[in-house]
Amino acid sequence: MTTTPRSINDMTFEESLQSLQEIVASLETGNLTLEETITTFKSGAEVARHCQTIIESAELRITQLDASDGPDVVPTES
Amino acid sequence: MSQQVIRVEQLGLRIKSAVESDQDLANLWVDGEITGVKPARNGHYYMMLQGDHTQVNVMMWNQAALRQKFMPSEGDQVTVHGSADFYVPFGKLSLVIDVIQPTGQGMRALELEQLRQKLEAEGLFDESRKRPLPLFPRKIGVVTSLQGAVIHDIQRVVGRRYPLVELVIAPATVQGDAAPVSVVEGLQRLNNRNDIDLIIVARGGGSAEDLYCFNDERIVRAIRASHAPVISAVGHESDHTLSDLVADLRAGTPSMAAELAVPDVTQIGNSVREAQRQMLNLAVDKVTHERDRGDALRYRLQRLSPIAAVGKMRAEVNTLATRAEVATFRHLDRTKTHLVRSSSMLEVLSPNAVLDRGYSILTDANTGKPIPGIADVHPGQRLRAVLRDGSLIAEVRELDTSAAVTRERRR
């Protein structure tokens, strides 16, 4: 079973999806003990929830660099 | 004065040498009219290039011919690029060409074609150098003009499909002479940030003239040099600029570029929900499987357990004990009955019963032996008579063996 050392809430979207894939795969192999299955499942449920949270709370941000070299952050909601 | 006389072969070689060493006869662009196009069986092309008063043989190798977008027909006005060649065995001078284009395109088209060849030769357009796009970009840079609909279109598509990203806009001029420097600067500023995963270079629709600036060598090189992969949405579907050729991916419009740049978050959401279902099913299956296994083991254990054996034995012992009890009681009963019967018989047969009935028992007074019969006594014999409550000594006076007494006894 592969677990990321960082907390699940710190994972990027891509890392979360990757982790989810790995968790499903390890549950599919059936080589886990009963305890491991339950632990892995709990992990997986958390990661999935994290993904959903990211998706549901996402708002498109737009930054526009201005004419001079420094970036001018203009957060805009889509 | 005698001149050297040479053979024809030597003449041929001298002409060949002269032609091929002359820089003015190499790398030429020539205008003319095509006549007599003859494709050979091996794919090479032979034709004539006509001028006003001159004509020249033209030959194109099959490989070069395959690369051309245009093959001439009889009478076409063309511009060709090639070098002069003298084929000694036939004594034939030809122009061996590698590019043929309709003349109408003018000088700029030529220059463009030259540039394209040069850059292609450097490998800038190679498929192998194109980078794959990131699956889940976090920041997408956009080099485009603030005017027009490009930013709005990209924003709309990305906002719908994948609002998880941040768009970083580098405003640039996308038309005219100022465009190349501006676009290059935009690309550089985005690359300098180090957090951009993907860049879209886009401009809205326009004429071929409007788009022409994206053929500029500087832009092409800047796209190739970009750390982040570049999607170009600057050309038309049919007529690609050099920027389109060098980019890692090509899109017909800015909206299409946005579609290609990001995944669909709705699909991802479905996949995540699917994964949640899968995990639940797998976990439940596992628990059920383990529980069933546990049950089976428990059952087997029970059957093998000594406790179970002891219980079985106890039951057997109980059964046997009960049977033994019953048998014993029965036996005791029988014995008791037998005993009672025997004891009554015994009582009847006992000399005490005789005594109780009022009879006495005779024994010899000296020996104590009983008197079995009349023959065992004689007169004068001292006898003891035991009565119920005592005994006496008697002396025999006379014996009586008459039949009447004997008979009574027998009855």
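Residues numbered from 1 in each chain as written. Chains lettered and ligands numbered in written order. Predicted model: local features only at pLDDT ≥ 70, side-chain atom pairs only at ≥ 80, totals over all residues. Heavy atoms only, no water.

Where nonpolar side chains cluster on the molecular surface, the patch consists of Leu34 and Ile38 of chain A together with Val287 of chain B and spans about 210 Å² of accessible area. Mapped onto the elements, leucine 34 of chain A comes out in helix 2 (residues 34-57). (Patch = residues over 30% accessible without salt bridge, like charges linked within 9 Å, V, L, I, M, F, W, Y side chains within 5 Å. Areas by Shrake-Rupley, 256 points an atom, 1.4 Å probe, with all protein chains shown as cover. Salt bridge = Lys/Arg side-chain N within 4 Å of Asp/Glu carboxyl O. Helix = DSSP H or I, 4+ residues; strand = E, 2+ residues; numbered from the N terminus.)

Compared with an ideal rise of 1.5 Å per residue, which puts 40 residues at 58 Å, helix 10 (residues 265-304) of chain B spans 58 Å between its outermost C-alpha atoms and is within 8% of the ideal. Among the residues making up helix 10 of chain B, those that are buried are Val265, Ile268, Gly269, Val272, Ala275, Met279, Ala283, Lys286 and Glu290 of chain B. Next to the buried residues of helix 10 of chain B lie helix 1 (13-29) and helix 2 of chain A together with helix 4 (150-161) of chain B. Structurally, the start of helix 10 of chain B carries an N-cap: the backbone nitrogen of threonine 266 of chain B is 3.0 Å from a side-chain oxygen of aspartate 264 of chain B. (Expected span 1.5 Å × (residues − 1). Buried < 20%, exposed > 50% of the residue type's maximum accessible area, 1.4 Å probe, protein only. Contact = heavy atoms within 4.5 Å. Polar contact = N/O pair within 3.5 Å; in protein donor to acceptor, adjacent residues only side chain to side chain.)

For the rest of this paragraph, the subject is the interface of chain B and chain A. Between chain B and chain A, the contact holds 34 residues from the first and 38 residues from the second. Across the chain B/chain A interface, buried area totals approximately 3,100 Å², and carbon plus sulfur atoms make up 68% of it. Looking at the side of chain B facing chain A, the largest losses of area belong to Leu164, Arg189 and Met279 of chain B, adding up to 21% of the total buried there. The closest approach of N and O atoms between glutamate 166 of chain B and arginine 61 of chain A, which form a salt bridge, is 3.7 Å. (Buried area = accessible area lost by both parts, 1.4 Å probe.)

Attention shifts here to the environment of valine 272 of chain B. Relative to the assigned elements, valine 272 of chain B resides in helix 10. Excluding residues within four positions of it along the chain, valine 272 of chain B makes contact with Leu17, Leu20, Ala48, Cys51 and Gln52 of chain A.

Successive side chains on a regular strand alternate, one facing one side of the sheet and the next facing the other. Residue and element names in this part refer to chain B. Burial analysis of strand 6 (residues 139-144) places five of its six residues in the buried class, which makes it a mostly covered element. One ladder, built from six bridges, connects strand 6 with strand 7 (residues 166-171); its direction is parallel. Residue pairing for strand 7: threonine 144 is matched across the bridge by proline 171. Once you follow strand 6 into helix 4 and on to strand 7, the crossover reads as right-handed. Bridge analysis of strand 6 against strand 8 (residues 198-202) gives four bridges, and the strand direction is parallel. (Pairing = 2+ DSSP bridges. Right-handed = clockwise from strand over helix to strand, strands pointing away.)

What follows is about the environment of alanine 40 of chain B. Residue and element names in this part refer to chain B. Here alanine 40 shows up in the loop between strand 1 (28-39) and strand 2 (45-50). Residue classification places alanine 40 among the partly exposed residues on the basis of a relative accessible area of 25%. Sequence spacing of alanine 40 and tryptophan 61 is 21 residues, and the spatial spacing of their C-alpha atoms is 9.9 Å.

This brings us to the nonpolar core. With 44 residues, the main nonpolar core has Phe13 of chain A together with Tyr162 and Leu167 of chain B as its most contacted residues. When neighbours within four sequence positions are excluded, phenylalanine 13 of chain A is seen to be in contact with Cys51, Ile54 and Ile55 of chain A together with Phe136, Tyr162, Leu164 and Ile268 of chain B. Residues Ala179, Val220, Ile223 and Val230 of chain B belong to the second largest nonpolar core, which totals 30 residues. (Core = buried A, V, L, I, M, F, W, Y, C linked by side-chain atoms within 4.5 Å.)

With that settled, the discussion passes to helix 4 of chain B. Residue and element names in this part refer to chain B. Counted at 1.5 Å a residue, the expected span for helix 4 with its 12 residues is 16 Å, and the 17 Å between its end C-alpha atoms agrees. Regarding helix 4, the residues found buried are Val150, Ile151, Asp153, Ile154, Val157, Val158, Gly159 and Arg161. Check the buried side of helix 4 and you find it contacts strand 6, strand 7, strand 8, helix 9 (254-261) and helix 10.

Moving on: the sheet that holds strand 2 of chain B. Residues and elements named next belong to chain B. Pairing in this closed barrel of five strands is mixed, and the strands run 1-2-3-5-4 around the ring. With strand direction ignored, the average angle separating the axes of adjacent strands in the sheet is 50 degrees. Bridge count for strand 4 (residues 77-87) against strand 5 (residues 92-102) is 10 bridges, and the pairing is antiparallel. Considered in strand 5, the bridge of tyrosine 87 is made with lysine 92. (Axes fitted to C-alpha atoms, helices over the stretch in contact; angles between N-to-C directions.)

Let us now look at the sheet that holds strand 11 (residues 361-364) of chain B. Residue and element names in this part refer to chain B. In space, the three strands of this open sheet follow the order 11-12-13, with antiparallel pairing throughout. Here the strands that pair on one side only, and so sit at the sheet edges, are strand 11 and strand 13 (390-395). Mean inter-strand twist for the sheet, computed between neighbouring axes without regard to direction, equals 30 degrees. Two elements, strand 12 (residues 382-387) and strand 13, share six bridges in a ladder whose sense is antiparallel. Looking at the pairing, leucine 383 lines up with alanine 394 of strand 13.

In this model, chain B carries a mean pLDDT of 89, and residues with pLDDT of at least 70 account for 95%. If you check the scores for this complex, the pTM reads 0.59 and the ipTM reads 0.79. (pLDDT = per-residue confidence, 0-100.)

Let us now look at the packing of aromatic side chains. Counting across every chain of the model gives three aromatic pairs over all chains. Plain terms: the ring middles of tyrosine 87 of chain B and phenylalanine 90 of chain B are 5.1 Å apart, the flat faces sit at 90 degrees to each other, and that makes the pair edge-to-face. Here tyrosine 87 of chain B falls in the partly exposed class, since its relative accessible area comes to 44%. For phenylalanine 90 of chain B, a relative accessible area of 64% puts it in the exposed group. Put simply, the rings of Phe13 of chain A together with Phe136 and Tyr162 of chain B pair up and form one aromatic cluster. (Phe/Tyr/Trp six-rings, centres within 6.5 Å; stacked < 30°, edge-to-face > 60°.)

So, about the pattern of salt bridges. Residue and element names in this part refer to chain B. Under the defined criterion, the tally for this structure stands at 22 salt bridges over all chains. Between glutamate 217 and arginine 221 there is a salt bridge; the shortest N-O distance is 3.0 Å. Here glutamate 217 pairs with arginine 221, and both are found in helix 7 (residues 217-225), just four residues apart, close to one helical turn.

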